[in-house]
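Okay, here's what each chain looks like letter by letter:
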Amino acid sequence: MIYTLCFILFVIGLYGVVCKKNIVKIILGFLIMEYSINLFLILLGWRKQGFVPVVENLAGVENLVAQSVDPLPQAMVLISIILGLGILSLMVSIAIRLYQRYGTFDITEMNKLKN
Amino acid sequence: MDNLSLFISIPAAVAFFIPIASHRFKWFPDVSASVTTFILLLLSLMTLNHETVYRMGNWPASYGIVFVLDGFSCMMLIIVNLICFLAALFSVDYIEKFYTSKLRYYSLLLLVVTGMNGTILTGDIFNLFIFLEVALIASYTLVGFGCSSRNLEASFKYLAINLLASYFILLAIALLYGKFASLNMAVLSQLMKVNPVDNIMVFAFVLLFVGFGIKAAMVPFHGWVADAYTSAPAPVSAILAGGIIKALGIYVLMRFVYNIFGMNYLISTIFIYAGAMSIVVGVLMALGQWNFKRLLAYHSISQMGYIVLAFGIGTPLAILGGIFHILNHSLFKPLLFLNAGSVEYETGKRNLNNMGSLSKKMPVTAVSSLIASFSISGIPPFSGFWSKFLIIVAAIQADKPVFALWAVIGSILTLASFSKIQRYVFFGKGKYFKDEVISEVKEVPYLMRVSMIVLAIFCSFAGFLLLGGLNGIFGPAVNALAGGTDLYITRILGR
């Protein structure tokens, strides 16, 4: 159920990217897509009433696999956030430069390549 | 040559060292980029006929990140590093004339090399995504490098479409991790053989197909190709055509299809139809173009169609044809982009109508572009003929004569559009051509000539690499794919 909500969030982002004409809204669409995937990854590792995957004495080892949360998706999400930050800054700087050149954020009016 | 991490660490280190060092030494960016890519080329030549698995930090293969070197990745390493070396040589004078910031250009170029080498070598799907993004972020910036309105527009379009593809791929990776709880390609492959096919696997495959299809410029997903190639600086177009769509697109897709999911009839049919569509749609769109680089860009789509078709047919002979066509396309298409760059360097023009009679003034450019045109249209002694011939023979052997005929038609249309280039640019005259323009034109500088001549020699004689057929130099590469999932699993996990 909760995975479906993640997927709905992904589709909302996809809608923003594909259907919107304003560059800023497109960028927001990309952000929503990225966050939905990050959320999905986190939820994959999450477990109800799970504990941190750190064992302090040997007695806890048996419970580790059965009850702890999965740490790997969290590492993946960290990297994915960093990549997302790089992409975001590049997208925003291109959008600012495009606004300086065309005086608008509307992508349908940016059609110099076609002529 | 067992330390595969050098392929990533050397270019990455130099990329970040260039901005520091070049404030003191003006010559540093040029020299370091060319020397680094040359060293990488030598290293990749040393990996020929080697097969090894490099474990990062010595973690066992199923837990840690592994780098896998087999025949196919070795071939791709050589192709990518060769093209990047020649493009770096070509950039020395080209960037000097048209652009301002050399140090940023070369840093980004080396980051693209890092990303591509990493994507080719890695055996871990999340690691693959990271290297993919490293290469792509650098290439988005390189496409918009001139910062004119057209460059920025093309860069944003390229970014938007490829970022969509990247997120599809990331979602697919998340789904696969959620299902199989592993990121290692070999472990995934092993688990997929045991588990029956279910909806999650089909959905993940579709996402991967669309994602890498966009990066490989297959026909329903080819929207970004023409704009990105046209707006990028000529050496970057050469790397985009010769390296990025191969290493990030078709190579990874084939890894997934042959070595992880395993080839079956349905996937094969999808690839064959996508390839056949790409061949004709690309070449038909190219025929009507008057912009030199845009015409070449559409031909990229068409030539990628041959490769996809060959891998779709999937017999060892077809795979040999596909791999050889990857090599050939990485030779003649960058050569043609470098020719377009040289013409632009001397005349400042890109429209075919404004050019003419350059063959007398620029003999090296004219002859090398003639060789590349012959090669891409499949005229017999040149390299392009042999790969197309292999693909057509394989299509007939696999009982698909319609697609063989289709490939021949594509080849004839290719010849038609390249005779247009030769007629308007080098041997005849364009419609709006003025004679007084031509008097100041001379041959391009020495280094640009070197990289074009090297590529032209390869285009002429690459046919000899086929000697020995399936046991020759391409044998290990064909084996790596034709061996399917079993060989890949045994190679990495050793059982």
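Positions within a chain are numbered from 1, following the residues in the order the chain's sequence is written. In the order they appear in the text, chains get letters beginning with A and ligands get numbers beginning with 1. Where totals are concerned, whole chains, interfaces and linings use all residues; where local detail is concerned, this predicted model gives features only for residues with pLDDT of at least 70, and gives and counts side-chain atom pairs only at 80 or more.

Novice: Honestly, the overall build of chain B in this entry has me stumped. Any pointers?
Specialist: Within chain B, the regular secondary structure consists of 20 helices and two strands. All radius of gyration figures rest on C-alpha atoms, and the globule criterion is 2.2 Å times the number of residues raised to 0.38. Relative to a compact globule of 495 residues, whose C-alpha radius of gyration would be 23 Å, chain B shows 22 Å and is just as compact. Projected onto its principal axes, the C-alpha coordinates of chain B cover approximately 70 × 60 × 40 Å. Here the contact rule is simple: place C-beta atoms from the backbone, and any two residues whose C-beta atoms are within 7 Å are in contact. Considering only contacts within chain B whose residues lie at least 6 apart along the sequence, 80% involve residues at least 24 apart. Strands here mean DSSP runs of E at least two residues long; helices mean DSSP runs of H or I at least four residues long; both are numbered from the N terminus.

Novice: Please clarify how the interface of chain B and chain A should be interpreted in this entry.
Specialist: How big an interface is tends to be expressed through the accessible area that disappears when the partners come together. Opposite the 26 residues of chain B that make contact, chain A presents 26 residues. Of all the secondary structure elements, the ones that give two or more residues to the side of chain B that touches chain A are α5 (125-143) and α6 (149-180) of chain B. With 17 residues, α6 of chain B is the single largest residue contributor to the side of chain B that touches chain A. Side-chain classes follow a simple rule in which Ala, Val, Leu, Ile, Met, Phe, Trp, Tyr, Cys and Pro form the nonpolar group, Asp, Glu, Lys and Arg form the charged group, and the remainder, Gly included, forms the polar group. For the side of chain B that touches chain A, a count of residues per class yields 17 nonpolar, five polar and four charged.

Novice: Quick question: what am I supposed to make of the nonpolar core here?
Specialist: One broad rule of soluble globular proteins: the nonpolar side chains tend to lie buried together. All names here are of chain B. To define a nonpolar core, we join buried Ala, Val, Leu, Ile, Met, Phe, Trp, Tyr and Cys residues through C-beta atoms within 7 Å and take the resulting set. Here a residue counts as buried when 20 or more other C-beta atoms sit within 10 Å of its C-beta, as exposed when there are 12 or fewer, and as partly exposed otherwise, the C-beta atoms being derived from the backbone. With 223 residues, the main nonpolar core has Leu309 and Cys459 as its most contacted residues. Per element, the largest residue contribution to this core is 22 residues, and it comes from α6. Excluding residues that lie within four positions of it along the chain, Cys459 makes contacts with Leu331, Phe332, Leu335, Ile371, Ala372, Ser375, Phe382 and Ser383.

Novice: Just checking my understanding: could you explain the packing of helix α10 (residues 234-261) of chain B against helix α13 (residues 316-347) of chain B for this structure?
Specialist: For any two helices packed against each other, one specifies the inter-axial angle together with the distance between the axes. Residue and element names in this part refer to chain B. Axis separation between α10 and α13 bottoms out at 6 Å; the angle between their running directions is 160°. It follows from the interaxial angle that α10 and α13 lie roughly antiparallel. In the packing of α10 onto α13, the handedness of the crossing is right-handed. Every residue of α13 that contacts α10 at Ala234, Pro235, Ser237, Ala238, Ala241, Gly242, Lys246 and Ile250 is listed here: Ile326, Ser330, Lys333, Pro334, Phe337, Leu338, Ala340, Gly341 and Glu344. Partitioned by chemical class, the residues of the contact of α10 with α13 number ten nonpolar, four polar and three charged. Think of each axis as a best-fit line through the C-alpha atoms, taken over the contacting stretch in the case of a helix, with angles from 0 to 180 degrees between the N-to-C directions. The scheme is simple: roughly parallel for angles under 35 degrees, roughly antiparallel for over 145, roughly perpendicular for 65 to 115, oblique for anything else. Take the far helix as the reference: if the near one is turned anticlockwise from it by less than a right angle, the crossing is left-handed, and if turned clockwise, right-handed.

Novice: Help me understand helix α1 (residues 6-21) of chain B in this model?
Specialist: Note that an α-helix has 3.6 residues per turn; residues three or four places apart therefore point the same way. Residue and element names in this part refer to chain B. The span one expects for a helix is its residue count, reduced by one, times 1.5 Å. Helix length check: α1 (16 residues) gives 21 Å between terminal C-alpha atoms against 22 Å at 1.5 Å per residue, within 8%. Those residues of α1 not exposed but buried are Phe7, Ile8, Pro11, Val14, Ala15 and Ile18. For α1, the secondary structure elements touched by its buried residues are α2 (28-46), α3 (71-98) and α4 (102-121).

Novice: Explain the environment of Ser237 of chain B to me, please; I cannot follow it from the model alone.
Specialist: Residues and elements named next belong to chain B. Positionally, Ser237 belongs in helix α10. As for Ser237 and Val450, which are separated by 213 residues in sequence, their C-alpha atoms are 18 Å apart. Apart from the residues lying within four places of it in its own chain, the contact partners of Ser237 are Tyr229, Ala232, Lys293 and Phe337.

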